[in-house]
Amino acid sequence: MQVFFLLVSMFFSNSLFCNLNSVLSNISKDNYPAAKKISDVSHIAIRNMIEYNVPFSITAGQILLESGITNENPYGTIMTQNNNFFGIKYYGFDVPTRIPKSIRYLCISGFVYANDDCGGRCKFAKFRNNYFALLYHAHFLTCGDTYIKHLHSSDYKGWAAALQEGGYATDINYAKKLIFVIEKYQLNKIDERIRNTY
């Protein structure tokens, strides 16, 4: 198990790596494929927290909640197979307009159809790779005031509430579910370590 997460060590301080390794090991006990995906993108999620102030715990928690990656279904949904780990819908390259056009064209490579709560098949964004998926996700959350205007604290609980109030998901218990996942795996401890390190 230690070897599995070894590659991410080059990006982090020793203490941050130790915390991250512990968290990923705990996730892997329940959901090994999801732990691997978070490990694969952890350096990007950490950079997004430093650059865009999106907590690592929110990014990783949403991957656990939205991706459909499980031990039984290691490749996740059709969305996940197209690098969409966050259930972000596709509205065309010209929307949402709050995200810079250069980011939209850079990150999105098209769309895929998937069943969702929209009453049938919906269009979901297809991202070029992991990096562009997380870059777009950071812009999706922070550009404009869709979620920021609801953000009353910058910790994971504040972000979870802002996502629900801003309409990120139709599930009325979305914030509670996201907070539960974050606290179950102590993803918030990584947030604290990043704040103390950078």
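Residues numbered from 1 in each chain as written. Predicted model: local features only at pLDDT ≥ 70, side-chain atom pairs only at ≥ 80, totals over all residues. Heavy atoms only, no water.

Overview of the overall build of the chain
Heads up, the condition is: To qualify as a helix, a DSSP run of H or I must reach at least 4 residues; to qualify as a strand, a run of E must reach at least 2; elements of each kind are numbered from the N terminus. Our radius of gyration is a C-alpha quantity, and the globule rule it is checked against amounts to 2.2 Å times the number of residues to the power 0.38.
Counting its regular elements, the chain contains eight helices and two strands. Taken from N to C terminus, the helices and strands of the chain fall in the order α-α-α-α-β-β-α-α-α-α. Rg of the C-alpha trace for the chain: 16 Å, near the compact-globule value of 16 Å for 198 residues, within the 12% margin. Once the C-alpha set of the chain is aligned to its principal axes, its extents read approximately 40 × 35 × 35 Å.

Quick notes on the pattern of salt bridges
Put simply, the test is: Salt bridges are identified by distance alone: a Lys or Arg side-chain nitrogen within 4 Å of an Asp or Glu carboxyl oxygen. Only protein chains enter the accessibility calculation, which uses a 1.4 Å probe; a residue whose area is less than 20% of its type maximum is buried, one above 50% is exposed, and one in between is partly exposed.
In total, this model carries six salt bridges according to the counting rule given. For Lys 36, the salt bridge goes to Asp 40, with nearest N and O atoms at 3.4 Å. With Lys 36 and Asp 40 both in helix H2 (residues 32-52) and four residues apart, this pair spans about one turn of that helix. Residue classification places Lys 36 among the partly exposed residues on the basis of a relative accessible area of 35%. Close ionic contact of Lys 157 with Glu 183 constitutes a salt bridge, the shortest N to O distance being 3.8 Å. Of this pair, Lys 157 sits in helix H6 (residues 156-165) while Glu 183 is found in helix H7 (residues 174-184), placing the two residues 26 residues apart along the sequence.

What about the packing of aromatic side chains?
In plain terms, the rule: Ring pairs are drawn from Phe, Tyr and Trp, using the six-membered ring of Trp, whenever the two centres fall within 6.5 Å, and their geometry is named by plane angle: stacked under 30 degrees, edge-to-face over 60, tilted for the rest. Criterion for a charge above a ring: Arg CZ or Lys NZ at most 6 Å from the ring centre, at most 35 degrees from the ring normal.
Following the criterion strictly, the structure yields twelve aromatic pairs and no others. Ring centres of Phe 111 and Tyr 113 lie 5.5 Å apart, and the angle between their planes is 85 degrees; this geometry places the pair in the edge-to-face category. One aromatic cluster is present, built from ring pairs that chain together Phe 127, Tyr 136, Phe 140, Tyr 147, Tyr 168 and Tyr 174. The ring centre of Phe 140 lies 4.6 Å from the NZ or CZ of Arg 98, which sits over that ring.

Here we look at the packing of H6 against H7
As a reminder, the rule being used: Axis angles are defined between N-to-C directions and span 0 to 180 degrees, where every axis is a line fitted to C-alpha atoms and, for a helix, only to the segment in contact. Angle categories: roughly parallel below 35 degrees, roughly antiparallel above 145, roughly perpendicular from 65 to 115, and oblique for all the rest. Here is the rule for handedness: rotate from the far helix to the near one, and if that takes an anticlockwise turn smaller than a right angle the crossing is left-handed, while a clockwise turn gives right-handed. We call two residues in contact when some of their heavy atoms are within 4.5 Å. The residue classification treats Ala, Val, Leu, Ile, Met, Phe, Trp, Tyr, Cys and Pro as nonpolar and Asp, Glu, Lys and Arg as charged. All others, Gly included, are polar.
The N-to-C vectors of H6 and H7 enclose an angle of 150 degrees; their axes lie 8 Å apart at closest approach. What the angle tells us is that H6 and H7 run roughly antiparallel. Note on packing geometry: the crossing formed by H6 with H7 is right-handed. For the pair formed by H6 and H7, the contact residues are Tyr 156, Lys 157, Ala 160, Ala 161, Leu 163 and Gln 164 on the first element and Tyr 174, Ala 175, Lys 176, Leu 178, Ile 179, Ile 182 and Glu 183 on the second. In terms of residue class, the contact of H6 with H7 is made up of nine nonpolar, one polar and three charged.

Concerning the side chain of His 150
Applicable threshold: The term polar contact refers here to a pair of N or O atoms within 3.5 Å; inside protein, the definition further demands a hydrogen-donor-capable atom paired with an acceptor-capable atom, and it admits residues adjacent in sequence only when both atoms are side-chain atoms.
Structurally, His 150 is set in the loop between helix H5 (130-142) and H6. On the basis of relative accessible area, His 150 is assigned to the buried category, the value being 19%. For His 150, the side chain forms a polar contact with the side chain of Glu 165, separated by 3.4 Å. When sequence neighbours within four positions are dropped, the list of residues in contact with His 150 reads Ala 162, Glu 165 and Gly 166.

A short note on the confidence of the model for the chain
Basically, it comes down to this: As a per-residue measure, pLDDT tells how confident the predictor is, with possible values from 0 to 100.
A residue-level look at the chain finds 91% of positions with pLDDT of 70 or above and a mean pLDDT of 89. Under a pLDDT of 50 for its full length, residues 1-10 has, in the predicted model, 20 contacts with residues more than four places off or in other chains.

Here we look at helix H3 (residues 56-66)
Counting buried residues in H3 gives ten out of eleven residues, a clear majority hidden from the surface. Taken together, the buried positions of H3 are Phe 56, Ser 57, Ile 58, Thr 59, Ala 60, Gly 61, Gln 62, Ile 63, Leu 64 and Glu 66. Buried-residue contacts for H3 involve helix H1 (14-30), H2, H5, H6, H7 and helix H8 (187-197). Looking at the residues trailing H3, positive phi occurs at Gly 68, about 75 degrees.

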